Amino acid sequence: MELSVVMPCLNEAETVETCVSKALACIRENGLDGEVIVADNGSTDGSQALAEAAGARVVHVDRKGYGNALMGGIRAARGTYVIMADADDSYDFTALMPFVEELREGADLVMGNRFKGGIAKGAMPLLHRRLGNPVLSFIGRLFFKSKIGDFHCGLRGFRRDSALALGLQSSGMEFASELVVKATIFNQKITEVPTTLAVDGRSRPPHLNTWRDGWRHLRFLMLYSPRWLFLIPGLVLITLGLLVGVALSFGPIRIGEVSFDVDTLVGASAMMVIGFQAVLFSLLTKAYGVAEGFLPTDRRARWLLNSWSFERGLILGGLLAVAGLVGLVASLFHWQVNNFGELDPRHSLRLVVPSATALMMSFQLVLGSAFLSILGIRRSSHPGTEAEDTDALAVQQALLTRSEMTEPEQKIERPVGQS
């Protein structure tokens, strides 16, 4: 079978029959070998019966959520290609061929673009049209170097095997972002075709919640880009903290009527520590993502995993710690010179704050290197047959099961005569 049209459905009795009929008509008129699947997510208004009567195959998906419903439909699909769209009659199911043609030409993912195809008056809230969609699409293009103009168009087509290979996991509306982001970072071929958006045919409000689902999309975009979530903010903080810290280490700075002194120096120290921690988080996230397969490997990630070691972290962290300890010892001598009495913080903190900062960052580096080494641990491959590996796994599972049994249950399984 060439094509499966998948529609997530939750109480769409007013429109699902129309959507199914349009999709089937498109399939017949273009001579496609196809099917329509309605992935029902627990409708209570009779949507299932209406969809079946119109000719769809209904798949029941118990786990709630837009992403769960779609994945249930995608897994059940029999077609090489899948086209997904909402069952609210806002997308034109009679115009599916541009998607099919792009897929036939080798695209892994074909996105619709409502801003190029046309948005009917009242089809999209003004806040979504002028702010939400443009901003989130811009962030997606910036973070992931994608060329997609409409990140959240609900009408899109893809190769079923390509989509399943991405390991999609989002259960809610952010599924739309996950599909585009993962296809982009794993270098799948993505194209875009203009599509239209009409006013949906429902009398009830849509399931989409502007602020909740908008935040979920934004959160997903940030979490899948450790560079923008951790690395770039961290480098900015380190740079600003270092520049301000070095400048204030030699004395106060006056700009007009404003004087910057040791209080600002403490703030600069905090910026450096927070920034350094953010940079470490970006490296750890990248290493973990590559090791677990949800982020692609690249030259820098391979260098990080293959070249960095706990020992190197210990050496560099140790050197930084020595610098911090030298500064603290110097501050003690400064205190001794003043007979261990009260010190002027405007002078003493210029030595103590940079030293303490170096000491904190040294521990961050050592602990981060240790954790990075833990992420780099790989299961050793020893000579042996697959059967031996399977037997070992079975023994481990049996031991785990036995350890979880209660004492009375263990006694029951003991052979006769064994104490």
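What counts as what
- Residues numbered from 1 in each chain as written.
- Predicted model: local features only at pLDDT ≥ 70, side-chain atom pairs only at ≥ 80, totals over all residues.
- Heavy atoms only, no water.
- Salt bridge = Lys/Arg side-chain N within 4 Å of Asp/Glu carboxyl O.
- Helix = DSSP H or I, 4+ residues; strand = E, 2+ residues; numbered from the N terminus.
- Buried < 20%, exposed > 50% of the residue type's maximum accessible area, 1.4 Å probe, protein only.
- Patch = residues over 30% accessible without salt bridge, like charges linked within 9 Å, V, L, I, M, F, W, Y side chains within 5 Å.
- Areas by Shrake-Rupley, 256 points an atom, 1.4 Å probe, with all protein chains shown as cover.
- Phe/Tyr/Trp six-rings, centres within 6.5 Å; stacked < 30°, edge-to-face > 60°.
- Axes fitted to C-alpha atoms, helices over the stretch in contact; angles between N-to-C directions.
- Parallel < 35°, antiparallel > 145°, perpendicular 65-115°, else oblique.
- Left-handed = near helix turned anticlockwise from the far one by under 90°.
- Contact = heavy atoms within 4.5 Å.
- pLDDT = per-residue confidence, 0-100.
- Core = buried A, V, L, I, M, F, W, Y, C linked by side-chain atoms within 4.5 Å.
- Pairing = 2+ DSSP bridges.

### A closer look at the pattern of salt bridges
If you walk through the whole model with that rule in mind, you get 9 salt bridges. Here Lys22 and Asp89 are joined by a salt bridge, their closest N and O atoms 3.1 Å apart. Taken as a pair, Lys22 in helix α1 (residues 16-29) and Asp89 in the loop between β4 (81-84) and α4 (97-104) lie far apart in primary sequence, 67 residues in all. Judged by its relative accessible area of 28%, Lys22 is partly exposed. With a closest N to O distance of 3.0 Å, Arg57 and Glu35 form a salt bridge. Taken together, the residues Arg57 in strand β3 (residues 57-60) and Glu35 in strand β2 (residues 34-40) connect sequence positions 22 residues apart. On the basis of relative accessible area, Glu35 is assigned to the buried category, the value being 7%. Residues participating in the shared-partner salt-bridge network are Glu35, Arg57 and Arg78.

### A word on a nonpolar patch on the surface
Together, Leu127, Leu131, Val135 and Trp211 give the surface a local cluster of nonpolar side chains, amounting to about 410 Å² of exposed area. The topology assignment puts Trp211 in helix α9 (residues 210-223). Overall, the relative accessible area of 65% leaves Trp211 in the exposed class.

### Looking at the packing of aromatic side chains
For the structure shown, the criterion picks out 4 aromatic pairs. Judged by centre distance (5.2 Å) and plane angle (10 degrees), the rings of Phe143 and Trp228 are stacked. On the criterion of sequence distance, the pair formed by Phe143 in helix α6 (residues 126-144) and Trp228 in helix α10 (residues 226-248) is long-range, its members being 85 residues apart. A relative accessible area of 27% means that Trp228 is categorised as partly exposed. Plain terms: the ring middles of Phe230 and Phe281 are 5.7 Å apart, the flat faces sit at 75 degrees to each other, and that makes the pair edge-to-face. Here the residue Phe230 occupies a position in helix α10, and Phe281 occupies one in helix α11 (residues 262-292), the gap between them amounting to 51 residues. Every member of this aromatic cluster is reached through a ring pair, and the members are Phe143, Phe144 and Trp228.

### Description of the packing of helix α8 (residues 175-185) against α9
Their axes nearest at 9 Å, the elements α8 and α9 cross at an angle of 25 degrees. Taken as axis vectors, α8 and α9 run roughly parallel relative to one another. α9 is crossed by α8, and the crossing has right-handed handedness. Across the interface between the two elements, Ala176, Ser177, Glu178 and Val181 from α8 touch His217, Phe220 and Leu221 from α9.

### A short note on unusual backbone geometry
In the Ramachandran plot, Asn11 falls in the positive-phi region, its phi being about 55 degrees despite a non-glycine side chain. You can see Asn11 is positioned in the loop between β1 (3-9) and α1. A positive phi angle, near 65 degrees, is found at Asp89, a position not held by glycine.

### Considering the confidence of the model for the protein
Averaged over the protein, the pLDDT score is 84; the fraction of residues at 70 or greater is 86%. Least confident of the elements in the protein is helix α16 (residues 407-413), whose mean pLDDT is 41; most confident is β4, at 98. Every residue in residues 379-390 is under pLDDT 50, and counting partners more than four places away or in other chains gives 2 contacts. Throughout residues 399-419 the model reports pLDDT below 50, and contacts reaching past four residues in sequence, or to other chains, amount to 6 contacts.

### A closer look at the environment of Asp86
Structurally, Asp86 is set in the loop between β4 and α4. Here the alpha-carbon distance between Asp86 and Cys9, two residues 77 residues apart in the chain, equals 7.4 Å.

### Regarding the nonpolar core
Counting residues in hydrophobic clusters, the biggest one holds 38 residues, and the most contacted among them are Val5, Met7, Val20 and Val36. Where this core is concerned, the elements lending two or more residues are β1, α1, β2, α2 (47-54), β4 and α4. Looking at this core element by element, the count peaks at 7 residues for α1. Setting aside residues up to four positions removed in sequence, Val5 forms contacts with Ala23, Ile27, Glu35, Val36, Ile37, Ile83, Phe93 and Leu96. Judged by nonpolar contacts, the second largest core, of 34 residues, contains Ile37, Ile139, Phe143 and Phe220.

### Comments concerning the packing of α1 against α2
Remark: α1 packs on α2, axes separated minimally by 8 Å, with the N-to-C direction vectors making an angle of 25 degrees. With respect to α2, the element α1 is oriented roughly parallel. For the element pair α1 and α2, the recorded crossing hand is right-handed. In contact with Val16, Glu17, Val20, Ser21 and Leu24 of α1, α2 contributes Ser47, Leu50, Ala51 and Ala54.

### Here we look at the sheet that holds strand β7 (residues 190-194)
The sheet built from 7 strands is open, its strands ordered β3-β2-β1-β4-β6-β5-β7 with mixed pairing. Because the sheet does not close on itself, it has two edges, and the strands there are β3 and β7. Direction aside, the axes of adjacent strands within the sheet are offset by 25 degrees on average. Across 7 bridges, β1 lies against β2 in parallel orientation. In the strand pairing of β2, Val5 is matched with Val36.

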